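Chain residues, written in single-letter form:
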Amino acid sequence: MATRKKSKGKGRAKAASRKVVKLKSKAIAAKKANGNGHLPRPSSKAWGQAGKALTGVRILDFTHVQSGPTCTQLLAWFGADVIKVERPGVGDITRGQLVDVKGADSLYFTMLNHNKRSITIDSKHPQGKRVLNELIKTCDVLVENFAPGALDRMGLTWEHIHKLNPRMVVASVKGFGPGPYEDCKVYENVAQCAGGSASTTGFREGAPLVTGAQIGDSGTGLHLALGIVCALFQRNRTGRGQKVLAAMQDGVLNLCRVKLRDQQRLKAGPLTEYSQYGEGVPFGASVPRAGNDSGGGQPGWILKCKGWENDPDAYIYFITQAPVWGEICDLIGEPTWKTDPDYVTPRARLPKLKKIFERIEQWTMTKTKFEVMEICNKVDIPVGPILSMKEIAEEPSLRKTGTVVEVDHPTRGKYLTVGNPIKMSDSISEVKRSPLLGEHTDEILKDVLKFSAKDIAEIKNSGALSAPKKEEKAA
Ligand code: CAO
């Protein structure tokens, strides 16, 4: 008996090892066919018909104002199901800020919250917590940009979330990273100042300047979106979520990288590409404001064009790129500068940049910015017309690419917005209007969280999803 058992065991072992060899060679064959054994076969569906990049990802969106909503709007455009949690009765504070149409959500809100669903929950109410816990269990990512400590005060600590759903990525925008300012509340311009942008923007003789581009808010939202996508990618390997932090100061500094480069170059002598060098103005201990100097090695400046007396945007950015110096001289009627030793090399031109740009401006002032654009681009001279927001809104090519989109909204009517600036050939973004406050509360409770009708009635009757009545508020 014992011998027979042994030989039976041997036979089974042999069969098992044959199976392993077969499976291994199958895996190798698949790897060869796909280039990577983990990937499915390339889809044969038409481009744009194979779902979206983030189809299947569900986001618990606790964001408000601008930085966080920018991030979750991008994720929604890439196909994530974004469920925006808002305070009952009030919602995201921007719904009521800078209102232009009475009774309608502001453009501030609508332009930052496309393609999302809205549910109202009082996160401090016991029944509200119950709903939030269910959302945590069913979502892949929680995104928030509350003031430091606010999420913890709601009871939604990392430990609590991670215990409920170890796969969840918890992503936050804060004003500052750990350090002396970590508890501070921060808005756009605070971040621009603390991140090095303001001290390096503006004119030497003037005060620091903030920029119109929302590098603190929207810039940090973009950084956070990248962090989230990377965390989801890593989760495919590890099976677990992680915390993702994008501090606004860090985001702005990342965008001001070239200025920290210049700070270190100061040790080696004056920054010759700054026009103050040509003007003989000494450099101080830190990077100065550079006016309209170009940030790279090719000098540039903003010059007046025809009509500048009445049109505040009749200007062009003109770059005197070295390889096209000859073409520039010909255009402006200074052919001798092509061979004159005082002008012929970029180095020789540095002390005379002011004079050179004044001469080029005499020429640009005889043309509209669009004429300068056309003439210069024909001979490869890089120039940029100063486009007003009116011109951008009316530009047909931006409408065609979906970068500027007209959207219809039930309470405000048609308005323009900026669509997804990132274009992908197999994940096509459609811009859908922002949700009304609490518009999707019922469908989320029922279809996403699968609460029974009885539970939904209990939660609703508790007041956790609605604004307190006036008398209650007063009390
Ligand atoms: N139910 C109940 N309470 C809610 C809630 C909900 N659904 N949503 C928010 N709240 C509560 C918070 O819990 C918090 O309460 P406590 O302070 O009592 O804990 C309160 O609302 C206010 O939140 P907040 O402090 O984040 O909001 P604020 O308007 O005072 O500050 C801001 C706004 C932007 C300065 C701050 O959130 C912040 O510094 N965020 C991080 C940096 C950031 O993203 N800045 C960019 C803003 S865009 O320019």
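Note that this is a predicted model, so its numbers are computed, not measured.

So, how was this worked out
Residues numbered from 1 in each chain as written. Predicted model: local features only at pLDDT ≥ 70, side-chain atom pairs only at ≥ 80, totals over all residues. Heavy atoms only, no water. Patch = residues over 30% accessible without salt bridge, like charges linked within 9 Å, V, L, I, M, F, W, Y side chains within 5 Å. Areas by Shrake-Rupley, 256 points an atom, 1.4 Å probe, with all protein chains shown as cover. Salt bridge = Lys/Arg side-chain N within 4 Å of Asp/Glu carboxyl O. Helix = DSSP H or I, 4+ residues; strand = E, 2+ residues; numbered from the N terminus. Pairing = 2+ DSSP bridges. Axes fitted to C-alpha atoms, helices over the stretch in contact; angles between N-to-C directions. Contact = heavy atoms within 4.5 Å. Lys, Arg positive; Asp, Glu negative; His and termini not counted. Charge placed at Lys NZ, Arg CZ, Asp CG, Glu CD. Buried < 20%, exposed > 50% of the residue type's maximum accessible area, 1.4 Å probe, protein only. Near = heavy atom within 4 Å. Polar contact = N/O pair within 3.5 Å; in protein donor to acceptor, adjacent residues only side chain to side chain. Nonpolar A, V, L, I, M, F, W, Y, C, P; charged D, E, K, R; others polar. Arc of directions from axis to C-beta. Phe/Tyr/Trp six-rings, centres within 6.5 Å; stacked < 30°, edge-to-face > 60°. Core = buried A, V, L, I, M, F, W, Y, C linked by side-chain atoms within 4.5 Å. Parallel < 35°, antiparallel > 145°, perpendicular 65-115°, else oblique. Left-handed = near helix turned anticlockwise from the far one by under 90°.

On the surface, Leu222, Ile422 and Met424 cluster together to form a nonpolar patch covering roughly 240 Å² of accessible area. Among the secondary structure elements, isoleucine 422 is positioned in the loop between strand E11 (413-418) and helix H18 (441-448).

Turning next to the sheet that holds strand E7 (residues 300-304). In spatial order, the strands read E7-E8-E9; together these three strands make up an open sheet with antiparallel pairing. Each edge of the open sheet is held by one strand with a lone partner, namely E7 and strand E9 (383-385). Going from strand to strand, the sheet's axes swing by 20° on average, the running direction of each strand aside. Across three bridges, strand E8 (residues 315-319) lies against E9 in antiparallel orientation. Residue pairing across strands places isoleucine 316 opposite proline 385, the latter belonging to E9. Against the sheet, helix H15 (residues 369-378) makes contact with E8 and E9, and its axis sits at roughly 160° relative to E9, the strand it touches most.

Moving on, we come to a positive patch on the surface. On the surface, Arg87, Lys124, Lys129, Arg153 and Lys185 cluster together to form a positively charged patch. Take arginine 87: it is sitting in the loop between strand E2 (81-86) and helix H3 (107-110). In this structure arginine 87 comes out as exposed when scored by relative accessible area, which is 58%.

So, on to the site of the ligand. Not every one of the 23 residues close to the ligand is listed here, only the nearest: Arg87, Arg153, Lys185, Val186 and Asp217. Asparagine 145 places a polar main-chain atom, nitrogen or oxygen, 2.9 Å from a nitrogen atom of the ligand. Taking aspartate 217, its side chain carries an N or O atom lying 2.5 Å from an oxygen atom of the ligand. Calculation on the ligand without its partners gives an accessible area of 950 Å², and the protein chains cover 84% of this total. Residues belonging to the shell around the ligand are distributed by class as follows: nine nonpolar, six polar and eight charged.

Spatially, E3-E2-E1-E4-E5-E6 is the arrangement adopted by the six strands of the open sheet, whose pairing is parallel. Of all strands in the sheet, those with a lone pairing partner are strand E3 (116-120) and strand E6 (243-247), marking the two edges. Recorded for the sheet is a direction-independent mean angle of 20° between the axes of neighbouring strands. For strand E1 (residues 58-62) and strand E4 (residues 141-144), the ladder comprises four bridges, and the chain directions are parallel. By the bridge assignment, isoleucine 59 is partnered in E4 with valine 141.

So, about the pattern of salt bridges. Scanning the entire structure with this criterion turns up 27 salt bridges. A salt bridge links glutamate 134 to lysine 137, with the nearest nitrogen and oxygen atoms 3.0 Å apart. Taken together, the residues span about one helical turn, with glutamate 134 and lysine 137 both in helix H4 (residues 126-138) at a distance of three residues. Residues glutamate 374 and lysine 378 are paired through a salt bridge, measuring 3.9 Å at the closest nitrogen-oxygen approach.

With that out of the way, let us pick up helix H9 (residues 248-255). Those residues of H9 lying buried are Met248, Gly251 and Val252. Projected down its long axis, H9 carries its buried residues within an arc of 95°, all on one side. Buried residues in H9 make contact with strand E5 (169-174), helix H7 (188-194), helix H8 (218-238) and E6.

With the rule as written, the count across this model stands at six aromatic pairs. Between tryptophan 325 and tryptophan 337, the aromatic rings sit 6.3 Å apart at their centres with planes inclined by 5°, giving stacked as the arrangement. Pair noted here: tryptophan 325 is in helix H12 (residues 325-332) and tryptophan 337 is in the loop between H12 and helix H13 (346-349), with a separation of 12 residues, a long-range link. With relative accessibility at 8%, the residue tryptophan 337 sits in the buried group.

Attention shifts here to the nonpolar core. If you look at the biggest cluster of nonpolar residues, it comprises 30 residues, and the most contacted ones within it are Ile59, Leu75, Val141, Val143, Leu224 and Ile228. Going through the elements one at a time, helix H2 (67-77), E4, E5, H8, E6 and H9 are the ones with two or more residues in this core. In this view, isoleucine 59 contacts Thr72, Leu75, Ala80, Asp81, Val82, Ile83, Cys139, Val141 and Val143; residues no more than four positions away in its chain are not counted.

Further remarks concern the packing of H2 against H8. The contact between H2 and H8 brings their axes to 7 Å, and the two run at 45°. Relative to H8, the element H2 lies oblique. Like other packed secondary-structure pairs, H2 and H8 cross with a definite hand, here right-handed. From H2, Ser67, Thr70, Cys71, Leu74 and Leu75 reach across to H8, where they touch Ser218, Gly221, Leu222, Leu224, Ala225, Ile228 and Val229.

Purely geometric stuff here, so don't read any function into it on its own.
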